[in-house]
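# Tertiary structure, described
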Amino acid sequence: MKNKCVFLAIVIIVGLLTGCGSESKAPASTPAAAELKTNVEISADAKNEKLILGALWVLRERTPDFFKLVDENVKEIRQSTGNFTIGPIKTIEGTGRVEFKNFAGTYGEYNIADFLVHEGTHIVDQKRGLKLTRAAEIKAREAEIEFFRQLEKAENRSFETMIKFVQNEIVQIRAGKLYSDLD
C-alpha cells in the first residue's frame, strides 16, 4: 500500500509539473545550461544529462540559494540501473551522491530541480550526522515549498498547486500515512 501511495504521489507531481496543473508553462528552453559551471558531477546518458543541466540552470538563474545548496552538497548525480522501490531519485547515504533511474520522457527540468532540492536537503542533514526520519522528510518538503515560492517570485507565476500538493504530503507524513516505517 505504501509503495502504491508513493507511486500515485509521483504520478500526480509529474502531471502537475509537466503542465497538467493550473500554472502557466515554463520557459521553453534553457540554452545556457550547456555552459553551466557546477561542482556537481553528472553521470548520465545525453538526454538525461541535458535535463539535469537544465534543472541546475533553473536553480542557478531562478533560485540561487537553492543552486548553492545543491552545488555545494550534491557531489554526483548518477543514472543507475539499481532497484528503486520509492520515487524516481534517491540519496546514497554518506556519499553526497544521488541516483536516478531515468528522467528523459517522464520528468522535466522543474521536476528534477525540485528533486535535487529535496535530496540536497537530505545530504546536508546527513553531513550533520542526522538520520533519515519523518522529521527529515518533512524538512525536505518544506525546502521544496520554499523553492516553489522563490520560483513564483522569479517567474511571476503561480506554483500554488505544487505547494498545496507538498503541504498535503507533509500532512500525510505527520499522520503516519507516508514513511510510517521511519522514526
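The following refers to the structure shown. (Residues numbered from 1 in each chain as written. Predicted model: local features only at pLDDT ≥ 70, side-chain atom pairs only at ≥ 80, totals over all residues. Heavy atoms only, no water.)

## Description of the packing of aromatic side chains
Following the criterion strictly, the structure yields 8 aromatic pairs and no others. Relative to tyrosine 107, the ring of phenylalanine 103 lies with its centre 6.0 Å away and its plane at 90°, an arrangement referred to as edge-to-face. Just as phenylalanine 103 is buried, tyrosine 107 falls in that class too. The ring centre of tyrosine 110 lies 5.4 Å from the NZ or CZ of arginine 157, which sits over that ring. (Phe/Tyr/Trp six-rings, centres within 6.5 Å; stacked < 30°, edge-to-face > 60°. Buried < 20%, exposed > 50% of the residue type's maximum accessible area, 1.4 Å probe, protein only. Lys NZ or Arg CZ within 6 Å of the ring centre and 35° of its normal.)

## As for the pattern of salt bridges
Scanning the entire structure with this criterion turns up 9 salt bridges. In this structure, the salt-bridge partner of glutamate 155 is arginine 62, at a minimum N-O distance of 3.0 Å. Highlighted residues: glutamate 155 in helix α5 (residues 134-155) and arginine 62 in helix α2 (residues 46-62), separated in sequence by 93 residues. Of the two residues examined, glutamate 155 and arginine 62, each falls in the buried class. Residue arginine 97 is joined to glutamate 99 by a salt bridge in which the shortest nitrogen-to-oxygen separation is 3.0 Å. Note on accessibility: arginine 97 and glutamate 99 belong to one class, buried. One salt-bridge network, held together by shared partners, links Glu76, Arg78, Arg97 and Glu99. (Salt bridge = Lys/Arg side-chain N within 4 Å of Asp/Glu carboxyl O. Helix = DSSP H or I, 4+ residues; strand = E, 2+ residues; numbered from the N terminus.)

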